[in-house]
Amino acid sequence: IAVNLIIRSCLPLSTFVSSQCLALCKLYPFKPCRPLEILLMVIGVVCAGVFTMARLAGEEKKDESKNMLLGVFMCIASLLSGSLNLALAGVLGETKLNV
């Protein structure tokens, strides 16, 4: 399994956090949060982190490990921007424009 896909599977939690942060800025309504759902998403993110760390530690060549670390950072940046994009799309989808 590709590390990219494992990290991208963390998108639901980061999208939820992004939407709640936008709700603090009064841009988005607060979403009800069920503790069980949040707990399961956090467990999924922890498992993804453990998998990624194990994959990085399992690399035999140091050069490949450095390149993989850069790829992980870029994938996390993509994850955060994707979740912010989804949250902002929700904000723009709910605002009524006067045309």
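Residues numbered from 1 in each chain as written. Predicted model: local features only at pLDDT ≥ 70, side-chain atom pairs only at ≥ 80, totals over all residues. Heavy atoms only, no water.

Asks: Explain the packing of helix H2 (residues 11-24) against helix H3 (residues 35-57) here, please?
Replies: For any two helices packed against each other, one specifies the inter-axial angle together with the distance between the axes. One can describe the packing of H2 onto H3 by two numbers: an axis separation of 9 Å at closest approach and a directional angle of 125 degrees. Comparing their axes, H3 and H2 come out oblique. Both H2 and H3 take part in a crossing whose hand is left-handed. On the side of H2, the interface is formed by Pro 12, Leu 13 and Phe 16, while H3 contributes Ile 38, Met 41, Val 42 and Val 45. Grouping the amino acids of the contact of H2 with H3 by side-chain chemistry returns seven nonpolar, no polar and no charged. (Axes fitted to C-alpha atoms, helices over the stretch in contact; angles between N-to-C directions. Helix = DSSP H or I, 4+ residues; strand = E, 2+ residues; numbered from the N terminus. Parallel < 35°, antiparallel > 145°, perpendicular 65-115°, else oblique. Left-handed = near helix turned anticlockwise from the far one by under 90°. Contact = heavy atoms within 4.5 Å. Nonpolar A, V, L, I, M, F, W, Y, C, P; charged D, E, K, R; others polar.)

Asks: Hey, could you run me through H2 in this one?
Replies: Side chains that are three or four residues apart share a direction in an α-helix, a result of its 3.6 residues per turn. In a regular helix each residue adds 1.5 Å, so 14 residues correspond to 20 Å; H2 covers 20 Å between its end C-alpha atoms and thus fits that length. Counting buried positions along H2 yields ten of 14 residues, so the element is predominantly enclosed. Residues of H2 that are buried: Leu 11, Leu 13, Ser 14, Thr 15, Phe 16, Ser 18, Ser 19, Gln 20, Leu 22 and Ala 23. Lys 26 sits one or two positions beyond H2 and adopts a positive phi of about 65 degrees. (Expected span 1.5 Å × (residues − 1). Buried < 20%, exposed > 50% of the residue type's maximum accessible area, 1.4 Å probe, protein only.)

Asks: Whenever I open this one, the nonpolar core confuses me. Can you help?
Replies: Generally speaking, nonpolar side chains in soluble globular proteins are found buried as a group. Counting residues in each nonpolar core, the largest one holds nine residues, listed as Val 3, Ile 6, Ile 7, Cys 10, Leu 11, Ala 48, Val 72, Cys 75 and Leu 79. Broken down by secondary-structure element, the contributors of at least two residues to this core are helix H1 (3-8) and helix H4 (62-94). With sequence-adjacent residues up to four places away left out, Leu 11 is seen in contact with Leu 79, Gly 82, Ser 83 and Leu 86. (Core = buried A, V, L, I, M, F, W, Y, C linked by side-chain atoms within 4.5 Å.)

Asks: How should I be thinking about the side chain of Ser 14 in this particular structure?
Replies: Examined against the element boundaries, Ser 14 turns out to sit in helix H2. By relative accessible area, Ser 14 is classed as buried at 11%. Not counting the four nearest positions on each side in its chain, Ser 14 is found in contact with Leu 79 and Ser 83.

Asks: I keep staring at H3 and nothing clicks. Help me out?
Replies: Along its 23 residues, H3 runs 33 Å from first to last C-alpha, staying within 8% of the 33 Å computed at 1.5 Å per residue. Inspection of H3 places Ala 48, Thr 52 and Leu 56 among the buried residues, and these make up the whole buried set.

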